[in-house]
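Descriptive structure summary
Below, each chain spelled out in residue letters.
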Amino acid sequence: MNEFLNIALPKGRLGEKAYDMFQKAGFPCPEVLNPGRRLILENTDAGVRYFWVKPSDVAIYVERGAADIGVCGKDTLEEQAPDVYELMDLGIGRCRMAVAAPGGFTDDRSRTLRVATKFSNVAENHYRKAGRDIDIIHLNGSVEIAPIIGLADVIVDIVETGTTLRENGLEVIETVFPISARLIANKSGYKFKHEAVRKLLDGLRNAAEDK
Amino acid sequence: MNFDIQSLTDTEKITLSLRNLYASYGYRLYRMAKFEEYELYAENKDFLVSQNVITFTDAGGKLMALKPDVTLSIVKSRRDDTGVVDRLYYNENVFRRPKGSQNFKEIMQVGLECIGAVGDRETAEVVTLACKSLDMLGRDFIVDISNLDVVNTCIGLITDVPGERKEILKRIGEKNVHELSAYAESKGVAAELIGQLMELAGLYGAPEDVLPKALDAARRVGASEAYDSLAATVEALRESGYYRNLRIDFSVVGDVTYYNGITLRGFIDGIPECVLTGGRYDGLMERLGKQSKAIGFAVNIDSLERIRVPSAGC
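So, how was this worked out
- Numbering of residues starts from 1 in each chain and follows the order in which that chain's sequence is written.
- Written order determines the labels here, with chains lettered from A and ligands numbered from 1.
- With the structure being a predicted model, the display of local features is reserved for residues of pLDDT at least 70 and the display and counting of side-chain atom pairs for 80 or more, all residues being used for whole-chain, interface and lining totals.
- Excluded from the side-chain calculations are hydrogens and water; all other atoms, namely the structure's heavy atoms, are used.
- In this text, helices come from DSSP runs of H or I with a minimum length of four residues, and strands from runs of E with a minimum of two, each type numbered from the N-terminal end.
- Our radius of gyration is a C-alpha quantity, and the globule rule it is checked against amounts to 2.2 Å times the number of residues to the power 0.38.
- Whether two residues are in contact is decided by their heavy atoms, any of which lying within 4.5 Å being enough.
- Computed by Shrake-Rupley with a 1.4 Å probe, the accessible areas treat only the displayed protein chains as cover when residues are assessed.
- Only four residue types enter the charge count: Lys and Arg as positive, Asp and Glu as negative, with His and the chain ends excluded.
- Each charge is placed at NZ for Lys, CZ for Arg, CG for Asp and CD for Glu.
- Patch membership requires more than 30% relative accessible area and the absence of a salt bridge. Residues of like charge join within 9 Å; the nonpolar side chains Val, Leu, Ile, Met, Phe, Trp and Tyr join within 5 Å.
- By definition here, a salt bridge exists when the distance from a side-chain nitrogen of Lys or Arg to a carboxyl oxygen of Asp or Glu is within 4 Å.
- Residues belong to a common nonpolar core when they are buried Ala, Val, Leu, Ile, Met, Phe, Trp, Tyr or Cys residues joined through side-chain atoms within 4.5 Å.
- Burial status follows relative accessibility: with a 1.4 Å probe on protein chains alone, a residue under 20% of its type maximum counts as buried, one over 50% as exposed, and anything between as partly exposed.
- Summed over both partners, buried area is the accessible surface (1.4 Å probe) that two parts give up on being assembled.
- Here a strand pair is declared whenever DSSP counts at least two bridges between the two strands.
- Working convention: axes come from line fits to C-alpha atoms, limited for helices to the stretch in contact. Angles between N-to-C directions cover 0 to 180 degrees.
- We call two directions roughly parallel when the angle between them is under 35 degrees, roughly antiparallel when it is over 145, roughly perpendicular when it lies between 65 and 115, and oblique otherwise.
- It is the rotation of the near helix from the far one that decides the hand of a crossing: anticlockwise by less than a right angle makes it left-handed, clockwise makes it right-handed.
- Ten residue types, Ala, Val, Leu, Ile, Met, Phe, Trp, Tyr, Cys and Pro, are classed as nonpolar, four, Asp, Glu, Lys and Arg, as charged, and the remainder, Gly among them, as polar.

1. Some words on the overall build of chain B
- Counting its regular elements, chain B contains 11 helices and 12 strands.
- Its C-alpha atoms give chain B a radius of gyration of 20 Å, near enough to 20 Å, the size a compact globule of 314 residues would have.
- Each principal axis of the C-alpha atoms in chain B carries an extent, and together these give about 70 × 50 × 45 Å.
- Excluding contacts between residues fewer than 6 apart, the proportion of contacts in chain B whose partners are at least 24 apart in sequence is 69%.
- For chain B, the accessible surface area stands at approximately 14200 Å², while carbon and sulfur atoms represent 48% of it.
- Each charge class in chain B can be summarised by its mean position, and for the 38 positive and 46 negative side chains these summaries are 4 Å apart.

2. A closer look at a nonpolar patch on the surface
- There is a patch of nonpolar side chains on the surface, built from A:Ile145, A:Ile148, A:Ile149 and A:Leu151 and spanning about 370 Å² of accessible area.
- Following the sequence through the fold, A:Ile149 ends up in the loop between helix H5 (145–148) and strand E9 (154–159).

3. So, the nonpolar core
- Counting residues in each nonpolar core, the largest one holds 69 residues, and the members touching the most others are B:Tyr22, B:Phe250, B:Phe297 and B:Leu304.
- At seven residues, helix H4 (residues 120–135) of chain B tops the list of elements feeding residues into this core.
- Other than its neighbours up to four places away in sequence, B:Phe250 contacts B:Ser146, B:Val150, B:Val151, B:Ile172, B:Leu200, B:Leu203, B:Val210, B:Ala214 and B:Leu230.
- By size, the runner-up hydrophobic cluster in this structure holds 35 residues, among which are A:Leu9, A:Leu90, A:Ala185 and A:Leu204.

4. Considering the interface of chain B and chain A
- Residue-level contacts link 20 residues of chain B with 24 residues of chain A.
- Taken together, both faces of the contact between chain B and chain A bury some 1700 Å²; the carbon and sulfur share is 53%.
- The tally of links from chain B across to chain A stands at four salt bridges.
- Across the pair A:Lys74 and B:Glu179 runs a salt bridge whose closest N-O atoms are separated by 3.1 Å.

5. Looking at unusual backbone geometry
All names here are of chain A.
- Although it is not a glycine, alanine 81 adopts a positive phi angle of roughly 45 degrees.
- Assignment of secondary structure puts alanine 81 in the loop between helix H3 (74–80) and strand E5 (85–89).
- Positive phi outside glycine occurs at serine 142, with the angle close to 45 degrees.
- Looking at the element boundaries, serine 142 is found in the loop between strand E8 (134–138) and H5.

6. A look at the sheet that holds strand E10 (residues 170–179) of chain A
All names here are of chain A.
- Ordered by their spatial adjacency, five strands build an open sheet running E8-E7-E9-E6-E10, and the pairing between neighbours is mixed. Pairing within the sheet leaves two strands with one partner each, and these edge strands are E8 and E10. Neighbour to neighbour, the strand axes of the sheet diverge by 25 degrees on average, direction disregarded.
- Note that strand E6 (residues 95–102) and E9 share five bridges and pair antiparallel. Looking at the pairing, arginine 96 lines up with valine 159 of E9.

7. Thoughts on the packing of helix H7 (residues 177–186) of chain B against helix H8 (residues 191–202) of chain B
Residues and elements named next belong to chain B.
- Contact geometry for H7 and H8: axes closest at 10 Å, N-to-C directions at 160 degrees. As far as their axial angle goes, H8 and H7 are roughly antiparallel. Between H7 and H8 lies a crossing of right-handed hand. Where H7 abuts H8, its residues Val177, Leu180, Ser181, Ala184 and Glu185 lie against Ile194, Leu197, Met198, Ala201 and Gly202.
- Split into classes, the residues belonging to the contact of H7 with H8 amount to seven nonpolar, two polar and one charged.

8. Thoughts on the environment of B:Leu264
Residues and elements named next belong to chain B.
- Counting through the fold element by element, leucine 264 comes out in strand E10 (residues 262–268).
- Among the residues examined, leucine 264 registers a relative accessible area of 0% and is labelled buried.
- As for leucine 264 and alanine 190, which are separated by 74 residues in sequence, their C-alpha atoms are 30 Å apart.
- Among residues more than four places away in sequence, those in contact with leucine 264 are Val127, Ala130, Val143, Asp144, Ile145, Leu276, Thr277, Gly278 and Gly279.

Listed below in structure tokens is the structure:
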């Protein structure tokens with residue numbers, strides 16, 4: 001039952017980049033890049049099985065043991081705080097979690113700060129450390145419009161180039177933490193498939209050094 | 001009494017088998033009240049796995065709680081006698097709020113506590129019983145073992161600020177060596193110390209592979225005594241047949257206020273989470289004003305729900 005190392009990849013460009021690193025590290029499965037409608041692909045010779053899953057679900061698959069290994073953004077790890085090992089910074093998908101506000105914004109400390117975000121736990125933790133009283137407005141998308149239409153004072157969101165913010169009259173006022181894709185592992189899978197996990201880690205490190 | 005063992009569920013069979021195992025080693029069943037004064041948990045919040053507690057006011061106006069933990073109640077009520085070894089086991093339900101859930105859950109635990117004049121012999125006995133507990137489930141199992149004092153001595157050289165210790169422990173627990181290094185650098189920690197901590201945090205494997213590597217790092221940070229105690233405990237299991245199930249893992253961490261010395265985590269093949277947690281907790285004893293030493297572990301019965309019990313196991 002242990003013959004396959006199960007790896008959850010986030011659907012999209014980040015997952016494709018991560019797969020490229022994995023196949024160079026000795027875990028190829030060529031069908032991964034041409035899956036058709038299939039979401040589970042395996043290479044018996046290499047002892048690896050890949051799943052394509054929604055990026056925000058990768059940590060759940062790994063924490064619950066459906067996957068032994070996963071590729072997950074630091075933003076999701078901070079938000080969901082899954083009980084997993086974080087084995088490596090893959091150095092891809094770099095961006096940052098930031099606080100943004102309309103140009104010229106100043107924080108009025110006499111009032112509760114209204115914060116719109118998809119990352120409620122991240123925002124709460126950030127402002128708790130700063131001792132700032134906030135009102136979280138949880139949104140599932142288009143967070144940038146919240147300050148413009150008066151729904152929130154600031155937003156806490158992922159910023160890559162800042163173009164979307166600028167086009168909506170917002171600017172970054174604070175970086176919360178840098179983000180990149182991390183290699184995560186299920187705690188039990190790490191132990192029972194240790195040889196394969198170690199081989200993957202060594203392969204990834206060697207590939208990074210060869211760059 | 002007419003009784004058919006086949007009428008029991010698998011988790012009931014596991015529970016009874018564990019109780020039988022502990023009783024055969026001279027452990028006595030310890031029954032406790034369902035409720036406990038809330039104050040006990042408020043004062044030892046960091047000892048609890050889940051800090052949310054169900055409370056209510058009793059008829060006398062006292063704030064009470066449904067037990068979120070068993071060890072605290074046993075330790076509190078036990079007479080402090082350092083001259084004897086008390087061997088106790090329990091089969092109790094605790095009430096906790098699982099991570100990510102808004103609701104409380106009733107969780108069944110079976111475990112044991114060895115309290116009093118606890119020495120190397122008792123420590124080896126408890127580790128052996130932890131292995132036997134998992135072995136009876138009929139699947140491949142691994143027991144991660146560490147001595148918290150090795151890592152804590154190293155962290156002590158870096159900082160004694162509780163918040164900073166917590167940040168470092170969190171990253172060690174995640175095997176997050178890359179962030180551990182960045183965090184230590186940001187705090188101006190000497191490169192040599194960072195290297196030693198990273199080396200310890202990254203070690204994992206069979207005792208014969210890992211202990212020689214850990215010896216050097218432990219000596220350099222002044223944790224030779226803790227290393228020796230870990231090596232002696234592991235060595236004591238060499239003849240038991242469970243030596244091959246042990247893995248040395250310094251990422252097993254715990255709050256220094258409560259835990260010290262040997263620490264255990266048990267895993268079963270096919271179950272994604274840790275099913276057995278335990279170790280030495282002399283710090284908790286001290287906090288509760290006791291001179292006695294203590295070691296114990298708990299098996300989370302709920303996490304074993306999906307296991308099919310081998311018929312020879314009962």
